[in-house]
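Examining the three-dimensional arrangement
These are the residues of each chain, in order.
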Amino acid sequence: MSLHDDAVLVLKGYAPEDLAQDDLRQVYLDHLAQHADGMWKACEAGHVTASALVIDAGSGRVLLTLHRKLQMWLQMGGHCEPQDSALAAAALREATEESGIDGLTLLAGGPVRLDRHPIPAPCNWHLDVQYAALAPAGATEQISDESLDLRWYAYDEVAAVADASVVRLLEGTLAALEQRA
């Protein structure tokens, strides 16, 4: 199965309770139906990306990266690569690479949220499929080339340092943790 096909299956299986998220899911599906290259950075109409919020549920904190280019505190994530076998695998790869933490596991049940945001030309949009990654006990982060810094934040500190999309991802992650526990 191609990564494109996997993404379509993941999105068809994503069943948010929020109407806006369901509408966005359809935007993603329409994009992939119209663009065979819609998974790749080269797609100028925009492309699907995969990210994961790294969470230490036992300590009530999340790991954010100070993104080198954007100068913002964000979850780990980025572009899909040809070697990625599935969208979830891309999110886990990105989270592992950017956090330096081995042994991350994705929260069961698929994506937590979708977030579509504009990016500079020639591409126009990132269609981000957002997961949650659980850090193993005693995890130690290591800064990658893509980050200026990594820092753990208590749940209640995130809104003071990150934008609304990260706050919504944290809220969705906490709700998913309660539902999937």
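Residues numbered from 1 in each chain as written. Predicted model: local features only at pLDDT ≥ 70, side-chain atom pairs only at ≥ 80, totals over all residues. Heavy atoms only, no water.

**Considering the layout of surface pockets**
Keep this limit in mind: In this analysis the probe radius is 1.4 Å and the grid spacing 1 Å, with only protein atoms considered; a cavity is a set of points the probe fits into but cannot get out of, a pocket is an open set with protein on both sides within 12 Å along at least five of seven lines, and lining residues have an atom within 4 Å of a point. Grid points are joined across faces, edges and corners, and a volume is the space filled by probe spheres set on the points. Only DSSP runs of H or I covering at least 4 residues are called helices, and only runs of E covering at least 2 are called strands; the numbering of each starts at the N terminus. Classification used: nonpolar for Ala, Val, Leu, Ile, Met, Phe, Trp, Tyr, Cys and Pro, charged for Asp, Glu, Lys and Arg, polar for all others including Gly.
As a volume, the largest pocket reaches approximately 900 Å³. Together, 32 residues line the largest pocket, and His 67, Leu 70, His 79, Ile 119 and His 126 are the ones closest to its centre. For the lining of the largest pocket, the elements supplying multiple residues, two or more each, are strand S1 (47-56), strand S2 (61-67), strand S4 (76-79), helix H3 (87-99), strand S6 (113-118) and strand S7 (125-134). The residue makeup of the lining of the largest pocket, split by class, is nine nonpolar, 13 polar and ten charged. The calculated volume of the second largest pocket comes to roughly 410 Å³. In terms of lining residues, the second largest pocket is bounded by 18 residues, among which Tyr 14, Pro 16, Glu 17, Val 112 and Gln 179 are the most central.

**Focus on the pattern of salt bridges**
We count it as follows: By convention in these notes, a salt bridge is any Lys or Arg side-chain nitrogen within 4 Å of a carboxyl oxygen on Asp or Glu. Here's how the labels work: a residue is buried when its accessible area is under 20% of the maximum for its type, exposed when over 50%, partly exposed in between, all with a 1.4 Å probe on protein chains only.
With the rule as written, the count across this model stands at seven salt bridges. Between Arg 25 and Asp 22 there is a salt bridge, with the nearest N and O atoms lying 2.9 Å from each other. Taken as a pair, Arg 25 and Asp 22 lie in helix H2 (residues 19-34) at a separation of three residues, close to a single helical turn. On the basis of relative accessibility, which here comes to 28%, the residue Asp 22 falls in the partly exposed class. Each member of the salt-bridge network shares a partner with another, and the members are Asp 84, Arg 93, Glu 94 and Glu 97.

**A look at the side chain of Gln 130**
To keep things clear, this is the line we draw: Here a polar contact is taken to be a pair of N or O atoms separated by no more than 3.5 Å, where protein atoms must pair a possible hydrogen donor with a possible acceptor and residues adjacent in sequence count only if both atoms sit in side chains.
Residue position: Gln 130 is located in strand S7. Exposure remark for Gln 130: the relative accessible area of 1% places this residue in the buried category. Reaching out from Gln 130, the side chain makes a polar contact with the side chain of Asp 128 at a distance of 3.3 Å.

**Focus: the nonpolar core**
Cut-off, in case you're wondering: We call a set of buried Ala, Val, Leu, Ile, Met, Phe, Trp, Tyr and Cys residues a nonpolar core when their side-chain atoms join them within 4.5 Å.
The biggest cluster of nonpolar side chains holds 33 residues, and the ones touching the most others in it are Met 39, Val 54, Leu 87 and Val 129. Among the secondary structure elements, those contributing two or more residues to this core are helix H1 (3-13), H2, S1, H3, S7 and strand S8 (147-154). If you tally residues by element for this core, the top one is H1, at five residues. Formed by 19 residues, the second largest nonpolar core is a distinct cluster that contains Leu 53, Leu 64, Ala 132 and Val 166.

**Considering the packing of aromatic side chains**
Threshold: Side-chain rings of Phe, Tyr and Trp, where Trp is taken by its six-membered ring, are said to pair if the distance between their centres is within 6.5 Å; with planes under 30 degrees apart they count as stacked, over 60 as edge-to-face, and otherwise as tilted. Two thresholds decide whether a charge sits over a ring: the Lys NZ or Arg CZ must be within 6 Å of the ring centre and within 35 degrees of the ring normal.
For the coordinates displayed, the defined rule picks out one aromatic pair. Judged by centre distance (5.4 Å) and plane angle (80 degrees), the ring pair of Trp 73 and Tyr 153 falls under edge-to-face. In this pair, Trp 73 sits in strand S3 (residues 73-74) while Tyr 153 sits in strand S8, placing the two residues 80 residues apart along the sequence. Each member of the pair, Trp 73 as well as Tyr 153, is classed as buried. One cation-aromatic arrangement involves Arg 61 over Trp 152; the distance from NZ or CZ to the ring centre is 4.1 Å. The ring of Trp 125 carries Arg 116 above its face, with NZ or CZ at 3.7 Å from the centroid.

**A few points about the pairing of S1**
Our working rule: Strand pairing is defined by DSSP finding a minimum of two bridges between the two strands.
The buried count for S1 comes to ten of ten residues, which makes it a mostly enclosed element. Of the two faces of S1, the one carrying His 47, Thr 49, Ser 51, Leu 53 and Ile 55 and the one carrying Val 48, Ala 50, Ala 52, Val 54 and Asp 56 are both buried. Of the pairings in the sheet, the one linking S1 to S7 comprises nine bridges and is parallel in character. If you follow His 47 over to S7, its bridge partner there is His 126. Alignment of S1 against S4, held across four bridges, turns out to be antiparallel. Note on S4: the bridge partner recorded for Ala 50 is Gly 78.

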